[in-house]
Amino acid sequence: MAPAPLPELLFFAVGSALLGVLLRVWRPELSWRLIGGYALLVMAFLAPTLLTPRHPIATDLAYPWLPWRAGLEREVRPANPLLSDPVLQMLPFQHLVRQRLLAGRPPLWTHELATGEPLLGNAQSAPFAPLKLLALPLSPLATLEVAAAWQILLALLFTHALARKLGTSPVAATFAAVAFSFSTFAVAWLYYPLGMTAAFLPGLLLGVLALDAEEPRSLLALAVIAAAMALCGHPETLTHGALVAGIVALVLAMRRPAGRWRFLSRFAGAAGLGFCFAAPALLPFAQAALESWRMALVELAPGAVEPPPFEARFLAVLVDPLFFGSPRFHTWKGPWNWNELASAYAGISTLAFAGFALVEKRGRWLLGGALAALAVALKLPPFFQLFELLPLLGHGANGRLRLVWVLGLALAAGLGLDRYAREGRWLLRLLPLCAALLLSAALAPERHPDHDLWWIGAVGGLALLLLPVRHAGFRAWVPHLAVLGLVADLFLLGQRYNPAVAPEMDLRPTPAVAALQQATAREDGPVRVLARGYGLYPHTGALYGLWDPRGGDPMQPAAAARFALRSLPDQFLPEAPRDRPELGNAEAVLAFLRVGLRLTERRRELPAPWRVIHEGPGVRVWSSPAVLPLFFVPRRTEVVANAEAAFWASLRSADFAETVWLPAGAGPASRTNALGRANVLALGPNRLRLAVEGEGGFLASSVAHASGWRAVAGGGRVPVVAANGAFLGVEVPPGAAEVDLVFLPGGWVVGLVLLAGGLVVATVIGLRPPGRGGPARGHAPTRIPEPESPRYP
């Protein structure tokens, strides 16, 4: 059901006040008036959804497909077809995480997605993202929306404080904050973990400057911000941020006349402490990534996530992000998707004012770093090739370094705005603005009415600054006019990019979904549900407790993902190989994967033993009893050379109950099993308890194998192997009556230990008097003068 706007608004207001209290403990210069003003600005930007029953998550993408299409009186055309990930991943992840956390269980594993996969190991589930934890009592839809609102607020406050630390006036700091926080990068990735991680980058850099200035508690503040950034769920952006922070720290260290190594050691200490705080999330991700489908794809196609080769026309989106059209208006004709290619725009006036920053020393450094990041993002040789040589960054989505360009440009524009307002030579002030106007006018491809509205607002806001160019009395109003013009520019461009979806399109269960929910529970354990193409929009079945064997998540275990892609009919992923081998028996695969329910169009017929259990407008639900138990006893186990050979042998199987293939060294030689049955006694998110009958033998399953699974039987640990090259298998000793399977990755255990140690260290640091630990005698830190409001003539 769609959440009511009032609880969301109250949550946003209370959470904003709490965030303001926490920030003011560290940065008391952030006044309550400033915090309240930025909160109102966020509310204005998100008014179409935050103040109405509509929601911004593109759930309308599911309504052209079954079962939601059935019974609709009109055809649904999604408002923005590009925004599928928040529906396919973020919303199901948030539902599953919320379920686990409210039940007091760690979100380690999920059975609902694919044939099971690590939940915490998928960083984008972000179960411990601070902003999502703050909104946990809300519904998943409302949590994503309110957390995104706080995300913009934090980006505004962090960027404002960073700009002030660099020496801008308060109004220029507001300009920089608006340019970064409402840039196309921030708007395009607003409901992605990428966007939430990016919002903390200005705070991270502010923490580095505070550490250099020897501010009290600066080490602890930097560690907390780094940990929060790490917990937001996007390791690639975290790595980009760590790289930028490291470069800034090195530059500051080189500029220090003394105390250089002490500063670097404190920076390393803050990084280590932040890692300890985030270790329970980072280590399980690192463990899962090694055996994930994403890693397998990278090995097969190393350039799969790289931007396209540089073309001069790509520079046009720096001035006009709608140059190639827009997916929101269904006019996109670009070579890459809009979120990736056109997310480097921070306002026409931002580009103009950044030119004035070239006369400022700090402005030159900011623009130089920003341009270097942009060159990498555009795949401009040799910058991109050199960047890929860096450890951990070679296979990242490095086109997203547009984030660093946007932040550097916004900060440089803040410095440039102050310079512009002080500049006495009116002709010098006039030229950059006119150049920006002419350039934006020259880039005028095929237009759309909404495109024209934005362009008029953006150019009109910039033209306002030309009016008082020679009037000294208006100089003081120039920065304020610049902020108003920028707000008009970015609001008109970005406010409608994320759709305002009607409240009735909230993925509430249809009669067909209710029939599936009722039929999925059986005495021998839940059965899985399979739909055709994008029917039962992939992963959304998890919202109703349905298990769907299809997998669209690149972090699922690679072997199980390959098995599903090779064997299941009607796959929806573009990665599905076209050269599928001839299966031994397609129905045998469905029986093995425990697919006992199918969702089809009403006109489609399925062969026996499938039978219709629900029929509605345009849709049928089918059931079949011919499924294997979740854990079963094969009549034979055959040992082959390795896991790859076991994988291919299983795909050609005509009867999975007859034979299961094991890699050499995983168990005893090929043999006939004596074990009789295995019944599921208890099934939880991270645990399975089985009752076994017989004299011992091998137990196979259709649950994905991952390195975190542990098994106990007969009073002791027993090995867990990859049966059929991809799924859980356990050798049950004679006399064992029960088998207890627990998913407990080693990274989670080690992470909890590191977290406990980090909390102890943080407590010691926090209890130390503020005066202790200052700079050694004769060691003067590199200090940036406290900014004062410039007096404009």
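Remember, predicted model here, so these are calculated numbers, not experimental data.

Another aspect to go through is the pattern of salt bridges. Counted according to the given criterion, the structure contains 25 salt bridges. Residue glutamate 340 is joined to arginine 400 by a salt bridge in which the shortest nitrogen-to-oxygen separation is 2.8 Å. A residue pair is termed long-range when its members are at least 10 positions apart, and glutamate 340 in helix α15 (residues 338-341) and arginine 400 in the loop between α18 (383-387) and α19 (402-422) qualify at 60 residues. Of the two residues, glutamate 340 and arginine 400, both sit in the buried class. The closest approach of N and O atoms between arginine 532 and glutamate 601, which form a salt bridge, is 3.9 Å. With arginine 532 in the loop between β3 (528-531) and α24 (558-567) and glutamate 601 in strand β4 (residues 595-601), this pair connects stretches of sequence that are 69 residues apart. Residues participating in the shared-partner salt-bridge network are Asp212, Glu214, Arg256, Arg262 and Arg266.

At a minimum axis distance of 9 Å, the contact between helix α7 (residues 170-181) and helix α22 (residues 478-494) shows a crossing angle of 10°. Classified by the angle their axes make, α7 and α22 are roughly parallel. Across from Val171, Thr174, Phe175, Val178 and Ala179 in α7, the residues of α22 making contact are Pro479, His480, Ala482, Val483, Leu486, Val487 and Leu490. In terms of residue class, the contact of α7 with α22 is built from 10 nonpolar, 2 polar and no charged.

Bringing the pairing of strand β14 (residues 709-713) into the picture now. Alternating residues of β14 divide into Trp709, Ala711 and Ala713, all buried, and Arg710 and Val712, none buried. Alignment of β14 against strand β18 (residues 738-743), held across 5 bridges, turns out to be antiparallel. Residue pairing for β18: tryptophan 709 is matched across the bridge by phenylalanine 743. Between β14 and strand β15 (residues 716-718), which pair antiparallel one after the other, the connecting turn spans 2 residues, and glycine 714 there sits at a positive phi close to 65°.

Bringing the nonpolar core into the picture now. One broad trend across soluble globular proteins is that nonpolar side chains are buried collectively. Formed by 242 residues in total, the largest nonpolar core has its most connected members in Phe631, Trp709 and Leu741. If you tally residues by element for this core, the top one is helix α6 (residues 140-165), at 18 residues. Not counting chain neighbours up to four residues away, the residues in contact with leucine 741 comprise Phe631, Asn686, Arg687, Leu688, Leu690, Trp709, Arg710, Ala711, Val720 and Val730. Counting 6 residues, the second-largest nonpolar core is a separate cluster that includes Leu96, Val97, Leu113 and Leu119.

Conventions we followed
- Residues numbered from 1 in each chain as written.
- Predicted model: local features only at pLDDT ≥ 70, side-chain atom pairs only at ≥ 80, totals over all residues.
- Heavy atoms only, no water.
- Salt bridge = Lys/Arg side-chain N within 4 Å of Asp/Glu carboxyl O.
- Helix = DSSP H or I, 4+ residues; strand = E, 2+ residues; numbered from the N terminus.
- Buried < 20%, exposed > 50% of the residue type's maximum accessible area, 1.4 Å probe, protein only.
- Axes fitted to C-alpha atoms, helices over the stretch in contact; angles between N-to-C directions.
- Parallel < 35°, antiparallel > 145°, perpendicular 65-115°, else oblique.
- Contact = heavy atoms within 4.5 Å.
- Nonpolar A, V, L, I, M, F, W, Y, C, P; charged D, E, K, R; others polar.
- Pairing = 2+ DSSP bridges.
- Core = buried A, V, L, I, M, F, W, Y, C linked by side-chain atoms within 4.5 Å.

These results come straight from atomic positions and should not be treated as a statement about function.
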